[in-house]
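Here is how the chains run, residue by residue.
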Amino acid sequence: MPDRLLRAAGVVLVLVVLGFAGQAVAVNSYYATVVFSMCFWATTATAYNLSAGYAGELSLGHGAFLGLGAYSSTLLFTRGHISPWLGMLVGAALASFVALVIGVIAIRLRGPYFAIVTLAVVLVFNLFAAGLPKLTQGAIGVNISGKPSFANVIFTHHWAYVLLMFGLLVLVLAGLRSLVRSRLGYQLAAYRENEDAARSLGIATTRVRVVALMVSAAVTAVAGSLQVQFIQFVSPDSAFSVGFSVQVALMAIIGGLGTVYGPVLGAVLIVYLGQLLQPLVERLAGLDQVVYGAILIAVLLFLRRGIAGLGRQLRLRARLDRAWEAGAARFATRVKDGAS
Amino acid sequence: MSELLAQLVVSGVLLGGLYALISLGLTLVYGSLHLINFAHGDYLMIAMYLAWICFTTFHINPYLSIVIVTPVMFVAGVLTYLVLIRPVLRSAHIVQVFITFGLGIIVQNVALIAFTGEERSVDLPIARSVYSVGGVKITYTALVAFAVALAAAGLLYLLMRYTFLGKSIRATGQNPLAAQLVGINTNVARLITFGLSSALLGIAGPMLIPIYSTYPTIGNDFILIIFIVIVLGGLGSFRGAIVGGLTIGVVQTVSNYYLHSPINQALMFLLLILILVIRPSGMFGQARLVGSGGR
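Notes on the structure follow.

The rules behind the values
- Residues numbered from 1 in each chain as written.
- Chains lettered and ligands numbered in written order.
- Predicted model: local features only at pLDDT ≥ 70, side-chain atom pairs only at ≥ 80, totals over all residues.
- Heavy atoms only, no water.
- Salt bridge = Lys/Arg side-chain N within 4 Å of Asp/Glu carboxyl O.
- Helix = DSSP H or I, 4+ residues; strand = E, 2+ residues; numbered from the N terminus.
- Buried < 20%, exposed > 50% of the residue type's maximum accessible area, 1.4 Å probe, protein only.
- Patch = residues over 30% accessible without salt bridge, like charges linked within 9 Å, V, L, I, M, F, W, Y side chains within 5 Å.
- Areas by Shrake-Rupley, 256 points an atom, 1.4 Å probe, with all protein chains shown as cover.
- Core = buried A, V, L, I, M, F, W, Y, C linked by side-chain atoms within 4.5 Å.
- Contact = heavy atoms within 4.5 Å.
- Axes fitted to C-alpha atoms, helices over the stretch in contact; angles between N-to-C directions.
- Left-handed = near helix turned anticlockwise from the far one by under 90°.
- Nonpolar A, V, L, I, M, F, W, Y, C, P; charged D, E, K, R; others polar.
- Phe/Tyr/Trp six-rings, centres within 6.5 Å; stacked < 30°, edge-to-face > 60°.
- Pairing = 2+ DSSP bridges.

For the structure shown, the criterion picks out two salt bridges over all chains. The salt bridge involving Glu 195 of chain A is made with Arg 199 of chain A; its shortest N-O contact spans 3.5 Å. Taken together, the residues Glu 195 of chain A and Arg 199 of chain A, both in helix α9 (residues 195–200) and four residues apart, mark about one turn of the helix. You can call Arg 199 of chain A partly exposed: its relative accessible area is 44%. Where Glu 118 of chain B meets Arg 120 of chain B, a salt bridge forms, and the shortest distance between an N and an O atom there is 3.9 Å.

What follows is the structure, encoded as structure tokens:
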């Protein structure tokens, strides 16, 4: 019961924030930026959750997928005048392909080594993007400019981007919800519970996990494309970013890996906290990161399933306590009976 | 030409000695706790700032400040173990990785708040002296750093090989249950391992500060090279850290001279990926990297 309540509370919180901000969006682009940022991080954290939470892949390389999406749509548009809608699909395909390669060669590695490999993958992409200025304009980055139109994915109103990103988030969440209850979802659950048992039942755990990584990569790439259309700028350090890879993992973990809505909660919470801390950060740069790091560590130490799992954790504790008390009471009566 | 190559190789070996010293701590912790400390580079950053504070505030020569920085770093390591590492020793990999990652984020940004992002360096007059041996130039700072790194590695080797403490640390890594059965306090062994790992950085930091200036994110730059070193050498291997450190020092110095571009660095990371995929245990590794339960 508390679990369901907490989940509902989370959804309501998101709706309230969105509703409140939705009113302000039309008049204030600042709120649009904040809400866009919430939706962007919620989408990418959900994608991260699919690979880390459901498929048990300790990735520090989601920046590579983000960057592939961002650079694909940008370069195809600025150089080939190809609509970013198409570029988005190309980016998603490329990101899935890279995920496939990573999966095939590295998924057998245990957690921390998989993390190091994926970290190295982001850096390789970052350095190549910076080192091939003829293709990418190097470390300076690329500005996106064009006539505002639907085909160009350039809009005069910020809320158009917000709506697109929000739409992607809803789509991704709906997808994850049905995936959890699908064949793939159950296969992943079987893998998480006991890999050897899952394999003995004929589940190709490696293939299932690679597929999850590919889907996660594609979603991250599309979010990356939408984000650069919004910012209208991309550079190696903003796209192929270790910082993004860490931040997205942090939000997903704080919200709760392996829960459908947890990462959304984590993303909204961290972006909101970032806004609260903004005035302080202007005087003390880095303060926000200290707070995030502290929350991350606290969650890892005390909340195994993040904030979203808090309800279940409390319920389990309560049940355990009740069982203990009932047992103690039974024992007490038996002692009394024996004594009399 | 050959003189130039000799120069590059000598510079590379001197640099590699420092890489080896920094890698030893990471590999030591891996060997005994089976955990990769992603904040290792950030603790090096702390040690460098400590040496810098000793110099600018108390006018203590960096080579002398080792006696202060090393024990302080040992205590920092022990406290870190007690507060953050011991509770997660049996946790999933993802918890262990992100605990140390979160620690790194906090340490980096506290340094940013305390010291700003400005680069801090120590200017020693003696740092400018250069020796020339048969046409090969050797800077004083690099030579001292190399000698100290060598001495520290030697001492660590003797400690691990011949003392009861060293044996109990190795036994804890090999089979904690059996170690406990023969009366080794594995908890203390792990605690001291983590402290030692940090103390080695307390030696490396003061050696580095006359050569490199320090800044809050310097740990990121080092940790990536150190990953390449220990993956090449083999995780958990003492020999691997030394040989890997020297190799990467030379490879980096030579390749930086001939190919000066980000692509060169990218090739180093491709090398890292390749080693992990083709021979995950590196040159001397005893590590079990592949297998079921890869979380």
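This part takes up a nonpolar patch on the surface. Residues and elements named next belong to chain B. A contiguous nonpolar patch, built from Leu 5, Val 9, Tyr 257, Tyr 258, Leu 259, Leu 267 and Leu 270 and spanning about 620 Å² of accessible area, is present on the exposed surface. Secondary structure elements with two or more residues in the nonpolar patch: α1 (2–33), α10 (238–258) and α11 (262–278). Structurally, Leu 5 is set in helix α1. On the basis of relative accessible area, Leu 5 is assigned to the partly exposed category, the value being 36%.

We now examine the nonpolar core. Core analysis: the largest hydrophobic core is formed by 199 residues, its most contacted members being Phe 38, Phe 98, Phe 227 and Phe 269 of chain B. It is helix α2 (residues 29–54) of chain A that contributes the most residues to this core, 15 residues altogether. Leave out the neighbours within four places in its chain, and Phe 227 of chain B touches Ile 116 and Leu 119 of chain A together with Leu 26, Ile 36, Phe 38 and Leu 272 of chain B. Leu 14, Val 136, Ile 138 and Ala 142 of chain B belong to the second-largest nonpolar core, a separate cluster that totals five residues.

Moving on, we get to the packing of helix α4 (residues 84–106) of chain A against helix α10 (residues 205–231) of chain A. Residue and element names in this part refer to chain A. Running from N to C, α4 and α10 cross one another at 145 degrees; their axes reach a closest spacing of 7 Å. Seen along the crossing, α4 lies across α10 with a hand that is right-handed. Side by side, α4 and α10 meet where Pro 84, Met 88, Gly 91, Ala 92, Ala 95, Ser 96, Ala 99, Leu 100, Ile 102, Gly 103 and Val 104 of the first sit next to Val 210, Leu 213, Met 214, Ala 217, Ala 218, Ala 221, Val 222, Ser 225, Leu 226 and Gln 229 of the second. Here the contact of α4 with α10 is built from residues that sort into 16 nonpolar, five polar and no charged.

Evaluation of the coordinates by the stated rule reveals 25 aromatic pairs over all chains. With a centroid separation of 5.9 Å and an interplanar angle of 90 degrees, the aromatic rings of Tyr 212 of chain B and Phe 222 of chain B are classed as edge-to-face. Here Phe 222 of chain B lies in helix α9 (residues 218–233) and Tyr 212 of chain B lies in the loop between α8 (186–208) and α9, a separation of 10 residues in the sequence. Judged by its relative accessible area of 31%, Tyr 212 of chain B falls in the partly exposed class. The buried category is assigned to Phe 222 of chain B, whose relative accessible area is 6%. These aromatic residues form a ring-pair network of at least three members: Phe 36, Trp 85, Phe 150, Phe 155, Tyr 161 and Phe 230 of chain A.

Now for the pairing of strand β2 (residues 136–139) of chain B. All names here are of chain B. Only one face of β2 is covered, namely the one carrying Val 136 and Ile 138; the face carrying Lys 137 and Thr 139 has none of its residues buried. Sheet topology places strand β1 (residues 130–133) next to β2; four bridges connect them, and they run antiparallel. Each residue of the ladder has a partner; that of Tyr 131, found in β2, is Ile 138. Here β1 hands over to β2 after two residues, with Gly 134 in that stretch at a positive phi of 55 degrees.

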